[in-house]
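As a plain string of letters, each chain reads:
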Amino acid sequence: MKEIIVNGTGDLDRAARVFLEKSAGSRIVAFYGQMGAGKTTFITALCRAMGVKDVVTSPTFTIVNEYRDGKGDPVYHFDFYRINRLSEAMDIGLFEYFDSGFPCFMEWPEMIQELLPEETLKVQILTDDENTRRLLF
Ligand SMILES: Nc1ncnc2c1ncn2[C@@H]1O[C@H](COP(=O)(O)OP(=O)(O)OP(=O)(O)O)[C@@H](O)[C@H]1O
Ligand SMILES: [Mg+2]
């Protein structure tokens, strides 16, 4: 088990770089954590560390947002919070995203647990106190 402590929002960029090093090779990453745990915030920091210049916000009206990293390659950001059935995730071509070879960062992966590829890296985000987050993976 690996652990990264994030000491406030000012520590996010460092934590994101450390995460990218420690998770090297894991392209499909599922972020678990209660509402407000910091899933969107950490994915935003990860995207920034990868050179994404687009505005990174949680997909609200869609299930997936697509950004471009510093090389112009896609980065996919999913939020499954609002799906009602697995078919809604399948219908967007979920497996094509997973098979694309490009990073797939997910919020609320528990909503599609049955569809997660075996190689998915599972990350738990815990709130230690208002300003401290702990990532376990
Ligand atoms: N590492 C951190 N240190 C301090 N505050 C943080 C940290 N990460 C996130 N926050 C704060 O927590 C709040 C909620 O974060 P965020 O929206 O990322 O949560 P979420 O897990 O995506 O929630 P949801 O389940 O609703 O999508 C924000 O106000 C954010 O500034
Ligand atoms: Mg969110």
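Refer to the structure above for everything that follows.
Residues numbered from 1 in each chain as written. Chains lettered and ligands numbered in written order. Predicted model: local features only at pLDDT ≥ 70, side-chain atom pairs only at ≥ 80, totals over all residues.

A. Quick peek at the overall build of the protein. Within the protein, the secondary structure is distributed over four helices and seven strands. For 137 residues, the compact-globule formula gives about 14 Å, and the C-alpha radius of gyration of the protein, at 14 Å, lands near that figure. Residue pairs in contact within the protein that sit at least 24 positions apart in sequence constitute 62% of those at least 6 positions apart. (Helix = DSSP H or I, 4+ residues; strand = E, 2+ residues; numbered from the N terminus. Rg over C-alpha atoms; globule rule 2.2 N^0.38 Å. Contact = placed C-beta atoms within 7 Å.)

B. Structural view of the sheet that holds strand β7 (residues 132–136). In space, the seven strands of this open sheet follow the order β1-β7-β6-β2-β5-β4-β3, with mixed pairing throughout. Two strands in the sheet have a free side with no partner beyond their single neighbour: β1 (3–7) and β3 (64–68). Going across the sheet, the axis of each strand differs from the next one's by a mean of 20°, ignoring polarity. Where strand β6 (residues 121–129) lies against β7, five bridges are found, and the strand directions are antiparallel. What sits directly across from Leu-126, in β7, is Arg-134. (Pairing = 2+ DSSP bridges. Axes fitted to C-alpha atoms, helices over the stretch in contact; angles between N-to-C directions.)

C. Seen up close, the site of ligand 1. As a matter of local geometry, ligand 1 sits amid 16 residues, with Val-6, Gly-38, Lys-39, Thr-40 and Thr-41 nearest to it. With three residues, the single largest contributor to the shell around ligand 1 is helix α2 (residues 39–49). Residue classes in the shell around ligand 1 are distributed as four nonpolar, nine polar and three charged. (Near = placed C-beta within 6 Å. Nonpolar A, V, L, I, M, F, W, Y, C, P; charged D, E, K, R; others polar.)

D. Spatial organisation of the environment of Asp-79. On the secondary structure map, Asp-79 appears in strand β4 (residues 74–79). Between the C-alpha atom of Asp-79 and that of Thr-62, which follows or precedes it by 17 residues, the distance is 8.3 Å. Not counting residues up to four positions away in its chain, the partners in contact with Asp-79 are Ser-58, Pro-59, Ile-63, Glu-107 and Trp-108.

E. Molecular detail of unusual backbone geometry. Here the phi dihedral of Trp-108 falls at roughly 55°; this positive angle occurs in a residue that is not glycine. Tracing the sequence through the fold places Trp-108 in the loop between β5 (104–107) and β6. For Trp-108, a count of 19 C-beta atoms within 10 Å corresponds to the partly exposed category. (Buried ≥ 20, exposed ≤ 12 C-beta atoms within 10 Å, placed from the backbone.)

F. Highlighting the nonpolar core. Ranked by internal contacts, the top residues of the largest apolar core, which has 29 residues, are Phe-31, Phe-42, Leu-46, Cys-104 and Met-106. Every element with two or more residues in this core is listed here: β1, α1 (12–22), β2 (28–32), α2, β4, α4 (94–99), β5 and β6. Per element, the largest residue contribution to this core is five residues, and it comes from α2. With sequence-adjacent residues up to four places away left out, Met-106 is seen in contact with Val-29, Ala-30, Phe-31, Phe-78 and Phe-80. (Core = buried A, V, L, I, M, F, W, Y, C linked by C-beta atoms within 7 Å.)

G. Geometry of the pairing of β4. Burial runs high along β4: five of the six residues are buried. Two strands pair when backbone bridges link them, and β3 and β4 are joined in this way by five bridges, in the antiparallel orientation. By the bridge assignment, Arg-68 is partnered in β4 with Pro-74. Count of turn residues in the β3/β4 antiparallel hairpin: five residues, of which Gly-72 carries a positive phi of about 90°. With four bridges connecting them, β4 and β5 associate as parallel partners. Considered in β5, the bridge of His-77 is made with Phe-105.

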